[in-house]
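Chain by chain, the residues run as shown.
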Amino acid sequence: MITRHVVDAHLLLIRGDQILLSLRRSGDKYDNRWHLPSGKLEAGESARVGAAREAAEEVGVAIDPADLRLVHVAHVTAPGRDSRLGLFFRTERWQGEPFNREPEKCYALQWFTLHDLPADLIEYSALGIAALDSAEPYSEYGWE
């Protein structure tokens, strides 16, 4: 049996005391819930390069991969989904103003203060955001 684990790169774009979130358009139980800009790494792509690519694809900003700092790793599983390893990268530096480049996958982008996040934040994203105030570099979610 071959077990596959997806590797996701999540972006914590921080502007002062705010973080950028996207309102997911997915047609599943995560539809219309807030999430970090993120995506799966592609074959042959380093994690920082993949995170910078996702930033350009999803929110239209250019990030130098060297400006991304890993703040958390989460190993997540859920029924009916591939297990995944989420890498959460923080940055305060990018070029351009974020905008919704993927309206077929995202209803809207919005800045939220870090201490007043929406109640309908996807739990997976919440793990990485919580790491901003924690010294814990690793978490697991959904495992028995």
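Since the structure is predicted, the reported quantities are computational estimates derived from the model, not experimental observations. (Residues numbered from 1 in each chain as written. Predicted model: local features only at pLDDT ≥ 70, side-chain atom pairs only at ≥ 80, totals over all residues. Heavy atoms only, no water.)

### So, the pairing of strand E2 (residues 18-24)
Each regular strand displays side chains that alternate between the two surfaces of the sheet. Most of E2 sits out of view: five of its seven residues are buried. As paired elements, strand E1 (residues 5-15) and E2 share two bridges and run antiparallel to each other. From the neighbouring strand, Ile14 faces E2, where its bridge partner is Ile19. Counted along the chain from E1 to the antiparallel partner E2, the turn is two residues long, and its residue Gly16 has a positive phi close to 65 degrees. With seven bridges connecting them, E2 and strand E7 (residues 106-113) associate as antiparallel partners. Residue Ile19 lies in a different strand from E7, and its bridge partner there is Phe112. Relative to strand E3 (residues 34-35), E2 runs antiparallel, the two being bridged by two bridges. Its bridge partner being in E3, Leu23 is matched across the sheet by Trp34. (Buried < 20%, exposed > 50% of the residue type's maximum accessible area, 1.4 Å probe, protein only. Helix = DSSP H or I, 4+ residues; strand = E, 2+ residues; numbered from the N terminus. Pairing = 2+ DSSP bridges.)

### Examining helix H1 (residues 47-59)
The end-to-end C-alpha separation of H1 is 18 Å, in line with the 18 Å expected for 13 residues at 1.5 Å each. Following H1 by one or two positions, Gly60 has its phi on the positive side, about 70 degrees. (Expected span 1.5 Å × (residues − 1).)

### Quick look at the nonpolar core
Formed by 19 residues in total, the largest nonpolar core has its most connected members in Leu12, Ile19, Leu21, Leu36, Phe88, Tyr124 and Ile129. Secondary-structure elements contributing two or more residues to this core are E1, E2, strand E5 (69-76) and helix H2 (123-130). With residues near it in sequence (within four places) discarded, Phe88 still touches His10, Leu12, Leu36, Arg69, Leu70, Val71, His72, Ala74, Tyr124, Ser125 and Gly128. Counting 17 residues, the second-largest nonpolar core is a separate cluster that includes Ala9, Ala52, Ala55 and Trp111. (Core = buried A, V, L, I, M, F, W, Y, C linked by side-chain atoms within 4.5 Å. Contact = heavy atoms within 4.5 Å.)

### Notes on the pairing of strand E6 (residues 83-91)
Of all the nine residues making up E6, seven are buried; the element is thus mostly covered by neighbouring parts of the structure. Of the pairings in the sheet, the one linking E1 to E6 comprises nine bridges and is parallel in character. Bridge pairing in E6 links Leu11 to Phe89. Note: E5 against E6, seven bridges, orientation antiparallel. Across the sheet, His75 pairs through a bridge with Leu85, a residue of E6. Taking the residues that link successive antiparallel strands as the turn, the E5-E6 hairpin has six residues, and the phi of Gly80 there is positive, at about 80 degrees.

### Focus: the pattern of salt bridges
Pairing between side chains becomes possible if they bear opposite charge and their charged atoms approach one another. Applying the stated criterion across every chain, the model contains twelve salt bridges. We note a salt bridge from Asp28 to Arg81, for which the minimum N-O separation is 2.7 Å. In this pair, Asp28 sits in the loop between E2 and E3 while Arg81 sits in the loop between E5 and E6, placing the two residues 53 residues apart along the sequence. Taking relative accessible area as the criterion, Asp28 reaches 29% and is therefore assigned partly exposed. Salt-bridge contacts for Arg53 lead to Glu57; the nearest nitrogen and oxygen are separated by 3.1 Å. Linking Arg53 with Glu57, this pair stays in helix H1, spanning four residues, or about one helical turn. Judged by its relative accessible area of 16%, Arg53 is buried. (Salt bridge = Lys/Arg side-chain N within 4 Å of Asp/Glu carboxyl O.)

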